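Per-entry structural report
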Amino acid sequence: MLLTRQRRRAVIAGAVTVATAALGIGLSTQFASAQTTLRGAADAIGKDIGVAVDANRLQSNAQYRDIVASEFNSLTAENAMKWDATEPSDGNYTFSQADSIVDFAEDNNQTVHGHTFVWHQQTPSWVQSLNATSMRTAMVDHINTVANRYEGRVDSWDVVNEVVSDNNGAMRDSFWLRTMGEGYITTAFQTARAADPNADLYINDYSIDGINAKSDTVYRIAQGLKSQNILDGVGFQAHLILGQVPSTMEANLQRFVDLGLKVRITELDIRINLPADSAELQQQANDYQRVVEICAELADCSGVTVWGLRDADSWVPGTFPGTGAPLLYADDYSKKPAYTAVLNALGGDGTGNPTTTPATSDPATTTSPPPTGSGCTATLSVSSPWNTGATYSATVKANQALSGWKVTWTWPGSERISNAWSVTGTLTGASVSGANAPYNGTLAAGQSTTFGFNITKADGSTASVPTVTCTPA
Ligand code: G3I
């Protein structure tokens, strides 16, 4: 793992070294100028920003290739490392597509998150019909062969994928479980650990983004694997629906971090009922921003990977007909509002900051006018109101170099903050006094950062947008 990380970070030339103690990592960080690519912004805070890629598109489409190289510092093979692609028949390994993706990553100083060794889908039927002994042999051979091939070139692996069912946290009733029993998970991790001791090993699943029965089961499995030192991290796929970022997502990731594990958003997309209108695209931007902020503020979140480049590349419309538009780029490769939101969440400086654009024509959804101020300016916007509450996004823009900032405002009515992220201070009363979090106070002139919060309010009342005073701290 170290090889590729060092290679990628070595290209952050001329970086001003700032101890990122608050992030819990000893990396060089560049604050000299605002970052204008996802990759630059993610590099500057020591995170992976990844994209799931298709080997054929990388080969055949220059525009796709250029964006993947310039905007992302991490790649995942969307399909090319799965069992059906790498070992379609017993002992017959085919690595051309996976190789081309790893080569591309190496050429472009990108890390690779490997996906995946053991899954109930995209595993050939010859594996599925084996008896317990032969299936174990096939699994061990497969993991050894693939992990050894990419040792030192793939930084982390989804060792097992989707092993918990959607049924109240029960184990998934897969051919793996039916044939080998629950021990198949331990076998997979033990094998992967021995095959590549330096790779980070992840358990990966969907619908575990918030605290629920399924993530509780993953938590118990993770505890067991961690106690054997064969697990390094948990992958949260985050195939989300518009407006439904779980309110417990931050707390959920934190409880896995508290076990001593890394966390990673591995397959992020946010689907919309088609056709998507501008308000929905703005809501999507707010949702993306929230997810990426959660990772940005957790020192042990290794990064965020989006599950495809353009909307047209996504698996979503095929699986959930009538929905789509879930990614950062439109079909014509233009950047969507979600792109800018992710850039801002990573601490970069996008033009046309979507968090300051009115989200919808809903009268309850408004944005405060940009107040004047010398050292910094801050604006609030309501991203999603409901009867008894709302989610707000806030942007702090530095008019001069800052080593910290403070924001204050007074709620005119019943609004009170119930939970907040990327901001600290006295937040819950009528008079709000907030300050930067440890990781988002240092801003170059012209650079912005974001924070957010939820409020409660009287049923049916409007979520107001007070003017914010921002001062350097
Ligand atoms: O490669 C064949 C091609 O030869 C054939 O002509 C074509 C015709 O259908 O199919 C191609 O295979 C498709 C493959 O993607 C590559 O494009 C499969 O049919 C299709 O089922 C497969 O879908 C992938 C899906 O996993 C499989 O379950 C999606 O691209 C991929 O995005 C999706 O990714 C999964 C993650 O691995 C795990 N988490 C959920 C996520 C979304 O389902």
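This text follows the structure it describes.
Residues numbered from 1 in each chain as written. Predicted model: local features only at pLDDT ≥ 70, side-chain atom pairs only at ≥ 80, totals over all residues. Heavy atoms only, no water.

Counting through the fold element by element, Thr86 comes out in helix α5 (residues 83–86). Within the local environment of Thr86, its side chain forms a polar contact with the backbone oxygen of Lys82, the two atoms lying 3.0 Å apart. In contact with Thr86, not counting residues within four places along its chain, are Ala80, Met81, Asn92, Tyr93, Thr94, Phe95, His142 and Val146. (Helix = DSSP H or I, 4+ residues; strand = E, 2+ residues; numbered from the N terminus. Polar contact = N/O pair within 3.5 Å; in protein donor to acceptor, adjacent residues only side chain to side chain. Contact = heavy atoms within 4.5 Å.)

Below, the discussion takes up the sheet that holds strand β13 (residues 405–410). Pairing within the open sheet is antiparallel, and its four strands lie in the order β15-β16-β13-β18. For this open sheet the edge positions go to β15 (423–426) and β18 (469–472), each flanked by a neighbour on one side alone. Each adjacent strand pair in this sheet contributes to an overall mean axis angle of 25 degrees, direction not counted. (Pairing = 2+ DSSP bridges. Axes fitted to C-alpha atoms, helices over the stretch in contact; angles between N-to-C directions.)

For the structure on display, the rule yields two disulfides. Here Cys295 pairs with Cys301 through a disulfide, and the sulfurs are 2.0 Å apart. Between Cys295 and Cys301 the disulfide shows an S-S torsion of about -100 degrees. By sign, it is left-handed. A sulfur-sulfur distance of 2.1 Å marks the disulfide that ties Cys376 to Cys470. Between Cys376 and Cys470 the disulfide shows an S-S torsion of about -105 degrees. By sign, it is left-handed. Here Cys376 is found in strand β11 (residues 376–386), whereas its partner Cys470 is found in strand β18, with 94 residues between them in sequence. Each member of the pair, Cys376 together with Cys470, is buried. Once the disulfide-bonded cysteines of the chain are ranked by sequence position, their pairing pattern turns out to be 1-2, 3-4. (Disulfide = S-S within 2.5 Å. Buried < 20%, exposed > 50% of the residue type's maximum accessible area, 1.4 Å probe, protein only.)

Our focus in this paragraph is the site of the ligand. The immediate surroundings of the ligand are formed by 14 residues, with Glu78, Lys82, His115, Gln121 and Glu267 found nearest. Separating an oxygen atom of the ligand from a side-chain N or O atom of His115 is a distance of 2.7 Å. At a separation of 3.4 Å, an oxygen atom of the ligand approaches a polar side-chain atom of Gln122. Computed on the free molecule, the ligand has an accessible area of 790 Å², of which 47% lies beneath the protein chains in the complex. (Near = heavy atom within 4 Å. Areas by Shrake-Rupley, 256 points an atom, 1.4 Å probe, with all protein chains shown as cover.)

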